[in-house]
Amino acid sequence: MRIHRRFNTIFHRLVFSYILLIILTAIFMGIASYLYFSNHFNREIERAHEVTLENVSSSLRHQVFDRMVKTYAELTVNKLNAEHVHFFFTNPVKQHNAKIGEAHSYLQYLASVSDGTIRSIDIYYKHNRMLISSERGYRQLQGSEPWPAVEWLDGMDFSESSLLWLDSAPLLSGGAAGEIILAASYPYVPGETNQGYVVIRADAEALARQLGGSSLSEHGSLLVAGPHTLYGEMQEELPSEVLQRLRAAGAPSGSFLETIGGSPYMLTYVSLQHADWKLAGLTPLGDFYRGRDTAALTLLAIGAAAIGLGILLSCLFSARIYHPIRSLAERARDLFRDGSPQRSGREENEVLQINGLIDNLSVKVTRLEHTLQANLPLVKQSLVTNLLGGSPVPPAELEGLLGLLGIAPPPYWSAVHFRFDEQSFSRLTVENRQFLLYHFIEQLEDMNTGELVCLGVQASGRGVSALVLARQPYTAPLLRRIDSLQSFTCAHFSVGAAAAVGSWQEEAAGAALAFREAEAMLRYRFLFPSRELFHGKEWLERERSGRALDGSWLAQWVKALRAGDVPLAERLLADWAEQLRTGGFSAAYARQSAGDALHAYRQYLFEVHLAPEEVLTGELSLQPHAPGDLAEWQRWLGLAAARASALLRERTAARTDYTVDKVKAYIDAHLADDLSLNAAAEQVSLNPAYLSRMFKAATGVNYVDYVTSERMNRAKTLLSTTDTQIERIALLVGYANPAYFSKKFKEAFGLSPSEFRARRGDREDQAM
């Protein structure tokens, strides 16, 4: 009962509350800190794994998997360079030994340019029962000799994709352990029988080079798990159940804790080229957990010390809190006690304590007034932000806030929005930017009068917003103030400032509308970058116009690009920009129109098979996603169009020379065969009419006339140097009808073949 009575006093309750609070706080902080350190260590390791795995996986994809896919694409898509490789899928081997050598050389070339990644490229031709390999050369099976490699490949499932990634292929001759294999049927036509297979092998050393150079390999292990093979090395053998869990993981990436060899490990993985391939990082956690346990013991010791110190301090603090209360209680008893004798000494001390309390209260009231004055900028910031942002402010509260700022409620309201020039503002340091904003707002508000008051606040980005309060809706004084501010900013900071003024409103709630109008007007700097002030109804009418350009200009511009008429394309761009400036179009539509032009240009690049990174280099690589003004768009699009046109001309000229030379070589080698325009066009995979125009433009001679000339010259040589019969010579130069041959020969040289040979005999007799 005695202890219970003690706890009824304020002093003991305060002591007990302090002790209980300190103990609970120490326990909570200890548990929270322990959990935090545990989770923090695991998360830090996981985060380090993720960064490392992302870098390594990107390198693996680029250096190994993507390089193998690109090699396959080079073989199957670039039919011009891989002509000899494709030849034996549909043609016999006989009499084409030279093509075998050229195909083998081309495969060796593709393997050599892979920087050591690709070990070999094998082509299996089912129809000819032969193999051409960059590593093993040429081999053809004889008779009914079994071909296990093709039988094994025939058993693979190519129904969903022409590409299969493998880490083991026991039936492929010449294979080695730890290879990365890309197998593909050729050609890939779902539901139809293929003509052969392409097999590309990369050595496991290509993976080892990527895995060994990472920072993770210094503390843990980096592994690549294929469907059947594990690449990489680790100190402890990876248990089969852990490897099975890793391979069965369906998410693109993830991590989990495992115990390997009695030690905890963090395993983090990401999927590679195929879901069955995983890149995993494995780090032992023993060293990290020892640090966690040390931290836990340290926290425990600190917590125990804090509890002991807290008990001592709680007693002291409780006593100090309790004594004034007891003094006030005694004073109250003395004040309300009738006829009680006065106390000496101690009563004076109690009075001094009360007087000190009153003095302290007086000081605090004075400090409160100073605090209110110091918080006036925050009051102004809140008031201006709420009114310009459209947040409702009750009239009584608005009047009170304006009273704190020393402003009488005005009858007219408006808003001004300033935006500094991006280039000159971005060159300033962070410190100088804040200095500029502070002095800009200070200069703006120093001009306040009883008739016109501006309250400025820093806006998001690089601007200042101002609430305008006026006795009369006069715009001229406000414009003069804006002009003075712009001159001040330019003179002292070398920074330009554009401004826009909203319309006058008769209610405070209308300030938000005026501010939105000012923001909308400033967007027209996209069309008029040199203009520094926007105000008036013309901009608001333009914003609401909804006008749009006739889409034919864009079609004409793209047509000019396709025709390579750069001057016409530039004139169309200039006309387009001028219409946007003078035609009353909204700023939003102008930006949309600029985006449409960029989209049309990209479509044009796609149509003419030009990659954007091939065209947009140097200065053009700084693509204007968020341009400062329309002139930048016009200039950029003009330069981009000129660059694309120049690249197309270079590409066309190079292709024309190559194609014409190939056609000439074909004509020279097949004068006795059918040399129709269609036959020649098939050799170079072109439309006959297009080949005819290209040949005439390059040589100045029609294709038929060129063939006839070559045949006549060959016949002339045979007549001059051999005794072959004229009928045989006619067949050798492609004429089955000797009479028609004689007619064409006489047209070419003015003599029939027999007359020409007879003159040769006369010359020989004269020589004798």
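Residues numbered from 1 in each chain as written. Predicted model: local features only at pLDDT ≥ 70, side-chain atom pairs only at ≥ 80, totals over all residues. Heavy atoms only, no water.

Q: Outline the overall build of the protein, supporting the account with residue identities and numerical values.
A: On a plain count of helices and strands, the protein comes out with 28 helices and 16 strands. Counting every position in the protein, which comprises 768 residues, the buried fraction comes to 39%. A separation threshold of at least 6 residues defines the contact pool for the protein, and within that pool the share at least 24 residues apart is 61%. Element-wise, carbon and sulfur atoms account for 55% of the exposed surface of the protein, whose accessible area totals about 42,700 Å². (Helix = DSSP H or I, 4+ residues; strand = E, 2+ residues; numbered from the N terminus. Buried < 20%, exposed > 50% of the residue type's maximum accessible area, 1.4 Å probe, protein only. Contact = heavy atoms within 4.5 Å. Areas by Shrake-Rupley, 256 points an atom, 1.4 Å probe, with all protein chains shown as cover.)

Q: Please give an account of the sheet that holds strand β13 (residues 452-459) that cites residues and values.
A: Pairing within the open sheet is mixed, and its five strands lie in the order β13-β14-β12-β15-β16. At either margin of the open sheet sits one strand with a lone partner, and together these are β13 and β16 (533-534). Across five bridges, the pairing between strand β12 (residues 412-420) and strand β15 (residues 497-501) is antiparallel. Directly across from Phe-418, in β15, lies its bridge partner Ala-499. Most of the contacts of helix α15 (residues 476-493) go to β15, to which it runs at about 165 degrees, and overall it touches β12, β13, β14 (463-470), β15 and β16. (Pairing = 2+ DSSP bridges. Axes fitted to C-alpha atoms, helices over the stretch in contact; angles between N-to-C directions.)

Q: Describe the pairing of β14, and please don't skip the residues or the numbers.
A: For β14, the tally of buried residues reaches eight of eight residues, placing the bulk of the element in the interior. In β14, alternate side chains face the same way, and those of Gly-463, Ser-465, Leu-467 and Leu-469 on one face and Val-464, Ala-466, Val-468 and Ala-470 on the other are all buried. In terms of strand pairing, β12 meets β14 through eight bridges, oriented antiparallel. Residue pairing across strands places Ala-415 opposite Leu-467, the latter belonging to β14. The pairing of β13 with β14 spans eight bridges and is classified as antiparallel. Residue pairing in the sheet places Cys-454 in a bridge with Val-468 of β14.

Q: I'd like a rundown of the packing of helix α25 (residues 703-721) against helix α27 (residues 738-749), residues and numbers included.
A: Running from N to C, α25 and α27 point in directions that differ by 95 degrees, and their axes come no closer than 10 Å. Put simply, α25 runs roughly perpendicular to α27. In this structure, α25 contributes Thr-708, Met-712, Asn-713, Ala-715, Lys-716 and Leu-719 to the contact, and α27 contributes Phe-741, Lys-744, Phe-745, Ala-748 and Phe-749. Taken together, the residues that form the contact of α25 with α27 break down as seven nonpolar, two polar and two charged. (Parallel < 35°, antiparallel > 145°, perpendicular 65-115°, else oblique. Nonpolar A, V, L, I, M, F, W, Y, C, P; charged D, E, K, R; others polar.)

Q: Explain helix α20 (residues 587-607) to me, and be specific about the residues and the numbers.
A: In this model α20 runs 30 Å from its N-terminal to its C-terminal C-alpha over 21 residues, within 8% of the 30 Å that 1.5 Å per residue would give. Listed in full, the buried residues belonging to α20 are Ala-587, Tyr-589, Ala-590, Ser-593, Ala-594, Ala-597, Leu-598, Ala-600, Tyr-601, Tyr-604 and Leu-605. (Expected span 1.5 Å × (residues − 1).)

Q: Any details on the nonpolar core? Residues and values, ideally.
A: Counting 47 residues, the largest nonpolar core has Trp-557, Trp-576, Leu-580, Tyr-601 and Leu-637 as its most contacted members. Put simply, the parts of the chain that give this core at least two residues each are β15, α16 (511-522), α17 (537-543), α18 (552-563), α19 (566-582), α20 and α22 (630-669). When residues in this core are grouped by element, the largest group, ten residues, is from α20. With residues up to four places along the chain from it excluded, the contact list for Leu-580 reads Leu-527, Arg-542, Leu-549, Phe-585, Tyr-589, Ala-590, Ser-593 and Leu-630. (Core = buried A, V, L, I, M, F, W, Y, C linked by side-chain atoms within 4.5 Å.)

Q: Please set out the environment of Leu-455 residue by residue, giving values where relevant.
A: In this fold, Leu-455 is placed in strand β13. Taking the C-alpha atoms as reference, Leu-455 lies 6.6 Å from Val-468; in sequence the two are 13 residues apart. Sequence-distant contacts of Leu-455, defined by excluding residues within four places in its chain, comprise Lys-380, Val-384, Leu-405, Ile-407, Glu-445, Ser-465, Ala-466, Leu-467 and Leu-469.

Q: Explain the packing of aromatic side chains residue by residue, including any values.
A: Scanning the model with the defined rule gives 26 aromatic pairs in all. Aromatic side chains Phe-488 and Phe-493 sit 6.2 Å apart centroid to centroid with 70 degrees between the ring planes, which places their arrangement in the edge-to-face category. With relative accessibility at 17%, the residue Phe-493 sits in the buried group. Geometrically, the ring pair formed by Phe-695 and Tyr-706 is edge-to-face, given 5.3 Å between the ring centres and 70 degrees between the ring planes. Residue Phe-695 is found in helix α24 (residues 688-699), and its partner Tyr-706 is found in helix α25; the two are separated by eleven residues along the sequence. Judged by relative accessible area, which is 17%, Tyr-706 ranks as buried. The rings of Tyr-735, Tyr-740, Phe-741, Phe-745, Phe-749 and Phe-756 are connected pair by pair, giving a single aromatic cluster. (Phe/Tyr/Trp six-rings, centres within 6.5 Å; stacked < 30°, edge-to-face > 60°.)

Q: Just give me the short version of the side chain of Asp-629, but keep the residues and values in it.
A: Looking at where Asp-629 falls in the secondary structure, it is placed in the loop between α21 (612-615) and α22. Despite its burial, Asp-629 pairs with no opposite charge; the closest candidate is Arg-581, at 6.1 Å N-O. In this structure the side chain of Asp-629 is engaged in a polar contact, spanning 2.9 Å, whose partner is the backbone nitrogen of Ala-631. Looking at Asp-629, its side chain comes within polar contact range of the main-chain nitrogen of Glu-632, at 3.0 Å. When sequence neighbours within four positions are dropped, the list of residues in contact with Asp-629 reads Arg-525, Phe-526 and Pro-529. (Lys, Arg positive; Asp, Glu negative; His and termini not counted. Salt bridge = Lys/Arg side-chain N within 4 Å of Asp/Glu carboxyl O. Polar contact = N/O pair within 3.5 Å; in protein donor to acceptor, adjacent residues only side chain to side chain.)

Q: Pulling in residues and values, what's your account of the pattern of salt bridges?
A: Per the stated rule, a full pass over the model turns up twelve salt bridges. The salt bridge partner of Arg-581 is Glu-578, with a shortest N-O separation of 3.9 Å. One end of the pair, Arg-581, and the other, Glu-578, are both in helix α19, three residues apart, so they sit about a helical turn from each other. Within this structure, Arg-119, Asp-122, Glu-135, Arg-136 and Arg-201 form a network of salt bridges that share partners.

Q: Can you explain the confidence of the model for the protein? Please cite residues and give values.
A: Here the protein averages 78 in pLDDT, while 77% of its residues score no lower than 70. Segment residues 338-354 is flagged for pLDDT under 50; beyond a separation of four residues in sequence, or across chains, it makes 14 contacts in the model. (pLDDT = per-residue confidence, 0-100.)

Q: An account of the sheet that holds strand β7 (residues 221-225) is requested, with residue identities and associated values reported.
A: Strand order in the open sheet made by the five strands is β8-β7-β11-β10-β9, with antiparallel pairing throughout. Edge positions in the sheet fall to β8 (230-231) and β9 (253-260), since each of these pairs with one other strand and no more. Note that β7 and strand β11 (residues 278-284) share five bridges and pair antiparallel. Residue pairing across strands places Leu-223 opposite Ala-280, the latter belonging to β11. Its contacts with the sheet put helix α8 (residues 240-248) on β7, β8, β9, β10 (263-271) and β11, and the angle it makes with β9 is roughly 175 degrees.

Q: Just give me the short version of the packing of helix α23 (residues 677-684) against α24, but keep the residues and values in it.
A: Running from N to C, α23 and α24 cross one another at 90 degrees; their axes reach a closest spacing of 9 Å. Here α23 is positioned roughly perpendicular relative to α24, judged by the angle of their axes. Here Leu-677, Asn-678, Ala-680, Ala-681 and Val-684 of α23 lie close against α24, whose contacting residues are Pro-688, Leu-691 and Ser-692. Taken together, the residues that form the contact of α23 with α24 break down as six nonpolar, two polar and no charged.

Q: Talk me through the pairing of β15; I want residue IDs and the actual numbers.
A: Most of β15 is tucked away, with five of its five residues classed as buried. Neither face of β15 is open: one carries Ala-497, Ala-499 and Val-501, the other Ala-498 and Ala-500, and all of them are buried. Note that β15 and β16 share two bridges and pair parallel. When the sheet's bridge partners are listed, Ala-500 is paired in β16 with Phe-534.

Q: Can you tell me about unusual backbone geometry, naming the residues and giving the values?
A: At Arg-129, a position not held by glycine, the phi torsion is positive, near 50 degrees. Assignment of secondary structure puts Arg-129 in the loop between β1 (118-125) and β2 (130-133). The partly exposed category is assigned to Arg-129, whose relative accessible area is 25%. With a phi angle near 55 degrees, Ser-494 is a residue other than glycine that sits in the positive phi range. Mapping Ser-494 onto the fold places it in the loop between α15 and β15. Classification of Ser-494 as exposed rests on a relative accessible area of 55%.

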